[in-house]
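# Architecture at a glance
As a plain string of letters, each chain reads:
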Number of protein chains: 4
Amino acid sequence: MLGYFGPAGTFTHQALRTITDDEAVAFSSVREALDAVRRGQVRGAVVPIENSVEGGVSATLDELIAGEPLAIRAEIVIPVEFGLYAREGTRLEDVRQVLTHGHAAAQCRQWLAERVPLAQVTEAGSTAGAAAEVARPESRYDAAVCARVAGETYGLTELAYAIEDNPGAVTRFVEVGKAGPVADRTGADKTTLVAYMREDHSGALLEILEQFAVRGVNLTRIESRPTKTTLGSYCFSIDVEGHLHDKRVGEALEGLHRVCPRVHFLGSYARADQSRPKIADGFTDDSYDAAAAWVESLGSPYLG
Amino acid sequence: MLGYFGPAGTFTHQALRTITDDEAVAFSSVREALDAVRRGQVRGAVVPIENSVEGGVSATLDELIAGEPLAIRAEIVIPVEFGLYAREGTRLEDVRQVLTHGHAAAQCRQWLAERVPLAQVTEAGSTAGAAAEVARPESRYDAAVCARVAGETYGLTELAYAIEDNPGAVTRFVEVGKAGPVADRTGADKTTLVAYMREDHSGALLEILEQFAVRGVNLTRIESRPTKTTLGSYCFSIDVEGHLHDKRVGEALEGLHRVCPRVHFLGSYARADQSRPKIADGFTDDSYDAAAAWVESLGSPYLG
Amino acid sequence: MLGYFGPAGTFTHQALRTITDDEAVAFSSVREALDAVRRGQVRGAVVPIENSVEGGVSATLDELIAGEPLAIRAEIVIPVEFGLYAREGTRLEDVRQVLTHGHAAAQCRQWLAERVPLAQVTEAGSTAGAAAEVARPESRYDAAVCARVAGETYGLTELAYAIEDNPGAVTRFVEVGKAGPVADRTGADKTTLVAYMREDHSGALLEILEQFAVRGVNLTRIESRPTKTTLGSYCFSIDVEGHLHDKRVGEALEGLHRVCPRVHFLGSYARADQSRPKIADGFTDDSYDAAAAWVESLGSPYLG
Amino acid sequence: MLGYFGPAGTFTHQALRTITDDEAVAFSSVREALDAVRRGQVRGAVVPIENSVEGGVSATLDELIAGEPLAIRAEIVIPVEFGLYAREGTRLEDVRQVLTHGHAAAQCRQWLAERVPLAQVTEAGSTAGAAAEVARPESRYDAAVCARVAGETYGLTELAYAIEDNPGAVTRFVEVGKAGPVADRTGADKTTLVAYMREDHSGALLEILEQFAVRGVNLTRIESRPTKTTLGSYCFSIDVEGHLHDKRVGEALEGLHRVCPRVHFLGSYARADQSRPKIADGFTDDSYDAAAAWVESLGSPYLG
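Residues numbered from 1 in each chain as written. Chains lettered and ligands numbered in written order. Predicted model: local features only at pLDDT ≥ 70, side-chain atom pairs only at ≥ 80, totals over all residues.

For the rest of this paragraph, the subject is the overall build of chain A. In terms of regular secondary structure, chain A is built from 10 helices and 14 strands. Seen through its principal axes, chain A has C-alpha atoms that stretch 85 × 40 × 40 Å. By residue count, 56% of the 304 residues in chain A fall in the buried class. Across chain A, the fraction of contacts at a sequence separation of at least 24, relative to all contacts at a separation of at least 6, is 73%. (Helix = DSSP H or I, 4+ residues; strand = E, 2+ residues; numbered from the N terminus. Buried ≥ 20, exposed ≤ 12 C-beta atoms within 10 Å, placed from the backbone. Contact = placed C-beta atoms within 7 Å.)

Right, let's get into the interface of chain C and chain D. Facing the 29 residues of chain C at the interface are 29 residues of chain D. Every element with two or more residues in the side of chain C that touches chain D is listed here: helix H3 (57–65), helix H4 (102–107), strand S7 (120–124), helix H8 (202–213) and strand S12 (219–226) of chain C. A total of eight residues in the side of chain C that touches chain D trace back to one element, the largest contributor, which is H8(C). The residue makeup of the side of chain C that touches chain D, split by class, is 12 nonpolar, 12 polar and five charged. (Nonpolar A, V, L, I, M, F, W, Y, C, P; charged D, E, K, R; others polar.)

Residue and element names in this part refer to chain C. Here five strands make up an open sheet; going across it, the order is S7-S6-S8-S5-S9 and the pairing mixed. Only two strands of the sheet have a single partner each, and these edge strands are S7 and strand S9 (157–161). For this sheet the average axis-to-axis angle between neighbouring strands, irrespective of direction, equals 30°. Inspection of the sheet shows strand S6 (residues 97–101) paired to strand S8 (residues 143–146) by two bridges, in the parallel sense. (Pairing = 2+ DSSP bridges. Axes fitted to C-alpha atoms, helices over the stretch in contact; angles between N-to-C directions.)

This brings us to the nonpolar core. Counting 385 residues, the largest nonpolar core has A:Ala131, B:Ala131, C:Ala131, C:Ala195, D:Ala131 and D:Ala195 as the members making the most contacts within it. Apart from the residues lying within four places of it in its own chain, the contact partners of D:Ala195 are D:Ile208, D:Cys235, D:Phe236, D:Ile238, D:Leu256, D:Cys260 and D:Val263. (Core = buried A, V, L, I, M, F, W, Y, C linked by C-beta atoms within 7 Å.)

The next thing to look at is the interface of chain C and chain B. Chain C puts 30 residues into the contact, and the matching count from chain B is 30 residues. Top element by residues in the side of chain C that touches chain B is helix H9 (residues 247–259) of chain C. It accounts for seven residues. Classifying every residue of the side of chain C that touches chain B by side-chain character gives 16 nonpolar, 11 polar and three charged.

So, about the relation of the copies chain C and chain B. For the pair chain C and chain B, the best superposition has an RMSD of 0.1 Å and corresponds to a rotation of 179° with a translation of 0.0 Å parallel to the axis. In symmetry terms, the pair is related by a two-fold rotation axis. Most of the interface of chain C is mirrored in chain B: 100% of its interface residues are interface residues there too. (Least-squares fit on C-alpha atoms with pLDDT ≥ 70 in both.)

What follows concerns the sheet that holds strand S10 (residues 170–178) of chain C. Residue and element names in this part refer to chain C. The strand order across the open sheet built from five strands is S2-S1-S3-S10-S4, with neighbouring strands paired in mixed fashion. The outermost strands of the open sheet, each flanked by one partner alone, are strand S2 (24–27) and strand S4 (70–79). Pairs of neighbouring strands in the sheet enclose a mean axial angle of 30°, with direction left out of account. In this structure, strand S3 (residues 44–50) lies alongside S10, joined through five bridges in antiparallel fashion. In the sheet register, Pro48 faces S10, and the bridge partner there is Phe173. The sheet contacts of helix H2 (residues 30–38) involve strand S1 (2–5), S2, S3, S4 and S10, and relative to S3 the element is tilted by about 145°.

Quick look at helix H8 (residues 204–213) of chain D now. In terms of burial, H8(D) is a largely internal element, 10 of the 10 residues being buried. The complete set of buried residues in H8(D) reads D:Ala204, D:Leu205, D:Leu206, D:Glu207, D:Ile208, D:Leu209, D:Glu210, D:Gln211, D:Phe212 and D:Ala213.

Closest axis-to-axis distance for the helix H9 (residues 247–259) of chain A/helix H10 (residues 285–299) of chain D pair is 9 Å, and the angle between their directions is 125°. Of the possible angle classes, the one that applies to H9(A) and H10(D) is oblique. Both H9(A) and H10(D) take part in a crossing whose hand is right-handed. Taking contact as the criterion, the partners of A:Gly250, A:Leu253, A:Glu254, A:His257 and A:Arg258 in H9(A) are, on H10(D), D:Ser287, D:Ala291, D:Ala292, D:Trp294 and D:Val295. (Parallel < 35°, antiparallel > 145°, perpendicular 65-115°, else oblique. Left-handed = near helix turned anticlockwise from the far one by under 90°.)

A word on the domain arrangement of chain A. Residues and elements named next belong to chain A. We note that the domain assignment places domain 1 (1–80 + 164–180), domain 2 (83–144) and domain 3 (181–291) within chain A. A C-alpha centroid distance of 26 Å is found between domain 1 and domain 2. Every contact between the two is made by eight residues of domain 1 and, on the other side, 13 residues of domain 2. Residue composition of the side of domain 1 that touches domain 2, grouped by class: three nonpolar, three polar and two charged. (Domains from an automatic or database assignment.)

Below, the discussion takes up the relation of the copies chain C and chain D. Mapping chain C onto chain D calls for a rotation angle of 180° and an axial translation of 0.0 Å; the resulting RMSD is 0.1 Å. In this assembly, 100% of the residues forming the interface of chain C have copies in chain D that are likewise at the interface, indicating an isologous arrangement.

Right, let's get into the pairing of strand S8 (residues 143–146) of chain D. All names here are of chain D. The two faces of S8 match: Ala143 and Val145 on one face and Ala144 and Cys146 on the other face are all buried. Where strand S5 (residues 83–86) lies against S8, four bridges are found, and the strand directions are antiparallel. The residue of S8 that forms the bridge with Tyr85 is Ala144.

Let's shift gears to the confidence of the model for chain A. Across chain A, the average pLDDT comes to 88, with 92% of residues at or above 70. Among the prediction metrics, the complex's ipTM stands at 0.84, with pTM recorded as 0.88. (pLDDT = per-residue confidence, 0-100.)

Here the focus is helix H6 (residues 127–135) of chain A. Residue and element names in this part refer to chain A. The buried count for H6 comes to eight of nine residues, which makes it a mostly enclosed element. Of all the residues in H6, the buried ones are Thr127, Ala128, Gly129, Ala130, Ala131, Ala132, Val134 and Ala135. Where H6 is buried, its residues meet strand S5 (83–86), strand S6 (97–101), helix H4 (102–107), strand S7 (120–124), strand S8 (143–146) and helix H7 (148–153).

A cis amide bond links B:Gly6 with the next residue in sequence, B:Pro7, at an omega value of 5°. Despite not being glycine, A:Ala162 shows a phi value in the positive range, around 55°. Examined against the element boundaries, A:Ala162 turns out to sit in the loop between strand S9 (157–161) and strand S10 (170–178).

Residues and elements named next belong to chain B. Considering the arrangement of structural elements, one finds Ile19 in helix H1 (residues 11–19). Residue classification places Ile19 among the partly exposed positions, given that 17 C-beta atoms sit within 10 Å. Beyond its immediate stretch of four places on either side in the chain, Ile19 contacts Ile76 and Glu175.

This brings us to the environment of A:Ser237. Residues and elements named next belong to chain A. Take Ser237: it is sitting in strand S13 (residues 234–241). Residue classification places Ser237 among the buried positions, given that 24 C-beta atoms sit within 10 Å. In the structure, Ser237 is positioned 27 residues away from His264 in sequence and 9.3 Å away in space, judged by C-alpha atoms.

Written as structure tokens, this is what we have:
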């Protein structure tokens, strides 16, 4: 059984449903979801890693590297799409009281102003909570702005969909499990890690990034985080293209291990977008093998 | 008059109060607060820039660079401290129903388990909202976990303070105004900017960072952000030590302007911690002046 | 009057003749030629800077930065072409005794073996000295392998020309004068300098080269040289594309001044090949001006 | 039997004598000496690699990488010390005619002016040739400025020694053999190579140097050389600290193999000065092994 950062009806819930239709457990915080993985209550958990609506990457990353290490097994990307959901029988033109989370309200402001101009918008603790409230027959709210999964979960009718003012936004989740054998290489993979820097000087970040650059490894995300131990000391949460078993990634990790006081490997896993990286000349596994063979040959030129 | 990302009683509200005791306007989203600055309704606004409880940097940064440019005028750092607040007459041992936001609940879980073991914790949309609810005489909740400012705002009694399990966390805010003359240099300043990279290749980030490194400018924060225009294209939100009028910073900004298709300067302002940077040899203003004078002298060494 | 590293009849002499037909003074070492410039005996001197036949860059560079500083005013490139020169009346088929410098003999070995197979080759101190010896009517040598200028200088007849086995080699000279106003910018210029590094660590050279790279300045030559003062300490003799008055070069020189304990500027001067550099986007003078104007504008965006 | 770049009596000859007292063959050019190694006439050759008096690095490096590859087996460093040598019976105060090479004359000018002020100095093709001439009983020259080995070779008497004006200079030689098993690692080794760059752009040299820097490999010499094939294209002749079998060096060579179109490995060999490199933290063989073991462990965390 999988767990997730709930409640039911959030985008995280929706992300979970792309993996499994089995029953799953909602936890009220990322930490609780991850701790449940750690103690074996669930065999994995889906948590947000980049989510402008329901909170984010920082909390998840902090929790991943606190306590017993866990590993990312998969990435899930969900379009940020909102709908307007009401109890059965409510018509769009009757909606006067809308309940939703502040972020969702902000993202649908224009649509709401144009299509339900008479409606008053009230903020709820979450979009899922708003759907739950609207689902109560006696609720004083007519409709909720929420994810489709929330509308379905609470048996509401969809009055409109894709009502966000700026379509195209996505939100990113990861499925996390106990550290174990790394996921198979698919050719369209990502690797997540946290690298701690030696000292606070202008060259420290460069030193870390050069370990990737000289080996042809592209970054797709970087975020500095203050470490909790030393003032003015940082670590860097990094996603790179490629898999632990791609030689360029493996060698870059070895390089980090040598120049950083600490490196957390958080997993190699298939990219949600299945996009294969464009590996620069000289950085394919074949190039790595050829280079190793060449250096090997230098030591004993006559053995060939 | 200043605005802020409300509601009243949040850490953002508390941050605002470190600047002014004057009346201020709460806005229900960062965007609304900033738009109010843009149209002149308020002369500035306090918004969160790094806040694990109430949302974060991403939304604020997005809003700062969308629409008419604004500028950061000051940084405010607030310790993340929670208290337990109740209506007058409630004793700690009587607390059975606690209301608070999920993040706050997670951060105080241990304290709550030990000190009010019989209490049931219910999640609210925000800690401030929880305080407001608890303030209602007929509320079924006995106490709220919230910031001190919320307790005060809603006339509650403080049953306990600093109840967070991991003290020492801080949250960061900025005061934002219309782009105008940059704040004076204090010697302990920070500069915030967003740099767009030319292409998605492993060297693009290095190219940007080298513009700082060769001029002795230290980064204190970096975060990559996908740009909305091109898939696989990024920009970098960056804080550096120093002020626009420090020569090393000014020259680094010129360098970025040349290698990046776009750079947003979001302001130079006093650091909240008043810590003065350790400027490496060769990178003080005097060193810059001496270097310029030397190169100038090469053009006409003997004036003869 | 100009001086040159003699004797008459060398490639250096030939390089000098591309500048002037006036009388000139030959000096028996690079140092003597440069000292004559320093004390005003000659107003300039032509010395080899890259010359596989008659000695090289090292001596010249050492002498340039020892004692009162001098400046390079022009670059001269001469093809390394040898001819076979004899006294009037000698026919190619009669040549039995050839005199020349060892390097010239090595470079014409194949031609000599094929075209004067019966000739014995004897080594002289220089190709010019060989020509002078052959010019003596009673000389026991029939012909000299030397530069055309030597044949002309000593009144010899050219039996063959361009007899080197690998045509296309060139040798490089500079005209040196007292440090004075730098030569005018032509758009196809070179700048020569010597940069001393702070310490002997793997990053020191990178630190120097990044000063050029971040400003879009291309190197055309680099050579490490041990410094005479500290064991294991180096300086770097460097040629770059561009002129002191190109903004990218001027700013790079300022950068070096800040990170190096010592920098010698040895002049900006027209390239012998008149090739104009391809300046990367963002590094033209216009880009530098635009960047400076932008940063200037940030300080007072609305002047209000 | 070994060969060397002669004639007898040069510093190269002196360098050879530090290795062996056996008979050796003098060749009249570096190319001839190396070709003799290639065709098996001699089992190795001593040639100058950095020699301000008798020619230099450029010719030797060109020849090493032209034709069948050879390998450097040892480095020999010789102090540049000159003496004044005469036929038996000549006293210092009788010396009127001195014969020597122009470079040697320049390096002893001050001593000669003070100690044999009446002597006229004539330039010879080489210091060894000067000694040979002075050795002829009927020579019109009284003394030669040359290396001690030349005085000994030609049976001359030493009138003075260490007469150079700037003592402390050294000259560097290498013993070269057929490419074969690399010399044993001594812990105080050097590796020589030539790396060709991909294109002529400002970053190409940096790209090469970063391959060393990120692996903690220090350079002790670098020299750019124009390649003969493409105009404006360069290769870099490089010496680094360490041995092919030091893991940091081996991995850096693999890195070069990937980013350069061509790399020539010219040998790992004991440094003449026996100085052991200070290897930075994280770059010892142990660090490389630990890093590899760590990355290995990530792939199958439970197998340990």
